[in-house]
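Residue-level listing of the chains:
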Amino acid sequence: MGSGIDEVGVEELVKAGLDVEEAKVIEKGLREAIGRTGGGRDPRELWREITARRLLRPSHPHPVHQLVYYSVYAGYDETANGPPLYWFPTLYQAKCTNLGRLMETHGSKLLGASYKDPVTSFRLFQKFSCENPEVYWSLILKELSIQFREAPKGILDTSDKSKHGGTWLPGAVLNIAECCLLSSDYLRKQDNSLAIVWRDEGFDDFQVNQMTLKEFREQVMLVANALDTIFSKGDAIAIDMPMTVNAVIIYLAIVLAGLVVVSIPDSFAAKEIATRLRMSKSKAIFTQDFIVRGGREFPLYSRVVDANPPKAIVIHASGKDMSVPLRKQDLSWKDFVSRVNHLPRPNSYSPVYLPIDSTTNILFSSGTTGDPKAIPWTHLSPMRTAGDCWAHGNLQPGDVFCWPTNLGWVMGPSLIYGCFLNGATLALYNGSPLGRGFGKFVQDAGVTNLGTVPSLVKTWKNTLCMEGLDWTKITSFASTGEASNIDDDLWLSARAYYNPILECCGGTELASSYIQGSLLQPQAFGAFSTASMTIGFVILGEDGVPYPNDQVCVGEVGLFPLNMGATDRLLNADHEEVYFKGMPMYKGMKLRRHGDIIKRTAGGYFTVQGRADDTMNLGGIKTSSVEIERVCDRADESILETAAVSVTPAIGGPEQLAIFVVLKNEFNSEPDSLKILFSRAIQSNLNPLFKVNFVKIVPEFPRTPSNKLLRRVLRDQLTRDLHIQSKI
């Protein structure tokens, strides 16, 4: 795949998997595309031509896509030109986006003669939004389904100097769950609009289930009434169950009733559940008897009982009568909802209106070291995440948004608010997202916006489980959670004729992302094209001094503090110490810590290089695990994924580089041969002085329940092994 596109002919295309006649068609199309772009001198323009004419189709074997893409960009100088681009917005497309429409309406007024069009002026407008966030958010709140009981006195109050992030929408009173449930003529969000579509695993050949906004609202209000029969305003109520229709109904009902959701991932063991119940002082927990995955039942209620919650309300996974005995204090779902049978209108409910800074949801960090951070979301946090779905994800009424996730992680609540505050339809698959059943649901539900995590995409690509499915209704993908693999993203984007994958990176405490992709900019695989709207940041050198904003560099990110939706408190830690202590001042602002190491490339794109504790010093040169892994992942066809860590020898001395490897099923490579391959690849692509000292093949990598790679565990394991060897 190192040859140039001029050397790709019928023979090479046939070897990649095409029959002769189709190979001739593709070869002819390539020759014509090369001619139309001046001999293909600029590979970006050539690739743009190839994808614009849909020369490559989703049905073509992945090796064909690889052959053409890597041949087009053979010899391309990323150092000088930035990452290879694969998607390019047309001006018409840009003007049809939410943000493009807003810029066309207000751009000239806000930017004056500097405004040209949404593509040319995007960076200028993003900078304006960062410098004038109150102006930007005054426009965006009109675009979302937000209705205040008492209107805010303003957008942003910075008079309290003790609050680095200011006070947003001071004086506002509302219920954000009510905003999700109300119809809106402006958003074309009517009572008969589809609120949710879903399917349960095992029913993959059945019709997709549907629920209108009116039906959904009535179910939420019924549950809110039932909650009032047991709990008091302000009580914390946990949810530990898969992200089903019932889970979403329960989530919004808790908020509508003036209670607080406590988010717990359904994969957690009893000890972790107990920790979160204790920290949040939860009065009860909603759960299921079992989780059904791959035709098997995995106990959930028994795990919850081992965590000893005060009360559990238990749903039977298949919707039938309860099959497991409950504790005396617990309720079945059937008995819970029957508590409102005496009400004349059980499907009607008056929302509890609260000040905007009231807590609606307690979420938690991964907690891989010690207790997790308890992170409160207020009524403001959903506005941030929904605003980014509007501006970056371009979510609109009529769109169908699917993202396999869980209410225990930030993407669960983000998905709910992103859909319902933008008038889009939420798509839920109750089952494993790893197999064909999920992919068929994406096809049958007409999903237009599909969210992923990179490990999911890797599984889909390597198992070939999505072959033959039609994903061409997808207008954009999103990806978060870990660093993306370029070749996996090539496969994913090709499923929808190379529509864009919008990378997102942020955190629970930010209520969204600080860097993302944008449909107003060309996109590169595995890269972020911009800071999020209204977000400003600098990249800090090792001396704590920010690099110039146009300089190619690598360093720890420092966020500007004025960030609507970001936390200003933690429930079990000192917020000031966690996010601000030790951070430098910049232009009169105390920078906010986030902990990511990011790289700014030529052309102004960004790649995340891992967390600050995932960097290493090799021969006096600071580099990141992610950067090394990107090179090693493509060093040999036997490799599924790699993890790079460094260790200090027991006797002291410079850090040594170790590569952990997970092999594809059909391969059986040797560590010594991989060590040579990795060293060559790293020396050729990163630094000729770097050397791989250890290679270890493992069956799988340790990960957090949110699927983030635990390099720390691998590092500790290797350190122990080396320590034992040193004693032998």
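Heads up: the structure comes first, above all this text.
No experiment lies behind these values; they were computed from the predicted model shown.

K.L.:
It is not clear to me how the sheet that holds strand E29 (residues 592–600) should be interpreted in this structure. Could you clarify?
P.N.:
Either a parallel or an antiparallel arrangement is found when strands of a sheet pair, and the pairing is made through backbone hydrogen bonds. Taken in spatial order, the four strands of this open sheet run E25-E26-E29-E30, and their pairing is antiparallel. Edge positions in the sheet fall to strand E25 (537–540) and strand E30 (606–611), since each of these pairs with one other strand and no more. Averaged over all neighbouring strand pairs, the angle between strand axes comes to 40°, with direction disregarded. When strand E26 (residues 553–559) meets E29, the two strands line up antiparallel, connected through six bridges. Opposite cysteine 553, over in E29, you have arginine 600 as the bridge partner. Across the face of the sheet, helix H22 (residues 625–632) comes into contact with E29 and E30 while running at roughly 110° to E30.

K.L.:
Looking at this structure, how should I read the environment of glutamate 178?
P.N.:
Relative to the helices and strands, glutamate 178 is located in helix H10 (residues 176–181). Glutamate 178 sits in the buried class, given a relative accessible area of 14%. If sequence neighbours within four positions are ignored, glutamate 178 has contacts with Leu256, Pro351 and Tyr353.

K.L.:
Looking at this structure, how should I read the side chain of glutamine 523?
P.N.:
Relative to the helices and strands, glutamine 523 is located in strand E23 (residues 523–524). Judged by relative accessible area, which is 0%, glutamine 523 ranks as buried. A polar atom in the side chain of glutamine 523 sits 3.0 Å from the side chain of serine 529.

K.L.:
Which parts of the structure should I look at to understand the state of the cysteines?
P.N.:
For the structure shown, the criterion picks out zero disulfides. With no disulfide of its own, cysteine 180 lies closest to cysteine 179 among cysteine sulfurs, the gap being 6.9 Å. With a relative accessible area of 0%, cysteine 180 lands in the buried category. Here cysteine 402 stays unpaired: no disulfide links it, and the sulfur of cysteine 419, its closest cysteine neighbor, is 9.3 Å away. Relative accessible area serves as the criterion here: at 2%, cysteine 402 is assigned to the buried category.

K.L.:
Would you mind going over the pattern of salt bridges with me for this structure?
P.N.:
Any two side chains of opposite charge can pair, given that their charged atoms come close. Tallied over the entire structure, the rule returns 28 salt bridges. Linking aspartate 42 and arginine 44 is a salt bridge whose minimum nitrogen-to-oxygen distance equals 3.2 Å. A salt bridge links lysine 458 to aspartate 488; the nearest nitrogen and oxygen atoms lie 3.0 Å apart. Here the residue lysine 458 occupies a position in helix H19 (residues 454–463), and aspartate 488 occupies one in helix H20 (residues 486–494), the gap between them amounting to 30 residues. The exposure class of aspartate 488 is buried, given its relative accessible area of 3%. Bridged by salt links that share partners, the residues Arg199, Asp205, Lys440 and Asp444 form one connected network.

K.L.:
Quick question: what am I supposed to make of the nonpolar core here?
P.N.:
One recurring pattern in soluble globular proteins is that nonpolar side chains are buried together. With 97 residues, the main nonpolar core has Leu99, Phe216, Leu252 and Phe420 as its most contacted residues. At eleven residues, the largest contribution of residues to this core is made by helix H12 (residues 245–256). If sequence neighbours within four positions are ignored, leucine 252 has contacts with Ala177, Cys180, Leu181, Phe216, Val220, Ile416, Tyr417 and Phe420. The next biggest cluster of nonpolar side chains, apart from the first, holds 62 residues, and it includes Tyr73, Val457, Tyr498 and Ala527.

K.L.:
Any chance you could explain the pairing of E26 here in plain terms?
P.N.:
The two faces of a sheet get side chains in turn, since along a regular strand they alternate between them. With five of seven residues buried, E26 is to be regarded as a mostly interior element. Where E25 meets E26, four bridges bridge the pair, whose relative direction is antiparallel. In the strand pairing of E26, leucine 540 is matched with glutamate 556.

K.L.:
How should the packing of helix H7 (residues 98–111) against helix H8 (residues 122–131) be read in this particular structure?
P.N.:
Two numbers describe a pair of packed helices, the interaxial angle and the distance between the axes. In the contact formed by H7 and H8, the axes pass within 11 Å of each other and the chain directions differ by 75°. Our classification of the angle between H7 and H8 gives roughly perpendicular. Seen from H7, the contacting residues are Leu99, Leu102, Met103, Leu110 and Leu111; seen from H8, they are Phe122, Leu124, Phe125 and Phe128. The residue makeup of the contact of H7 with H8, split by class, is nine nonpolar, no polar and no charged.

About the cut-offs
Residues numbered from 1 in each chain as written. Predicted model: local features only at pLDDT ≥ 70, side-chain atom pairs only at ≥ 80, totals over all residues. Heavy atoms only, no water. Pairing = 2+ DSSP bridges. Helix = DSSP H or I, 4+ residues; strand = E, 2+ residues; numbered from the N terminus. Axes fitted to C-alpha atoms, helices over the stretch in contact; angles between N-to-C directions. Contact = heavy atoms within 4.5 Å. Buried < 20%, exposed > 50% of the residue type's maximum accessible area, 1.4 Å probe, protein only. Polar contact = N/O pair within 3.5 Å; in protein donor to acceptor, adjacent residues only side chain to side chain. Disulfide = S-S within 2.5 Å. Salt bridge = Lys/Arg side-chain N within 4 Å of Asp/Glu carboxyl O. Core = buried A, V, L, I, M, F, W, Y, C linked by side-chain atoms within 4.5 Å. Parallel < 35°, antiparallel > 145°, perpendicular 65-115°, else oblique. Nonpolar A, V, L, I, M, F, W, Y, C, P; charged D, E, K, R; others polar.

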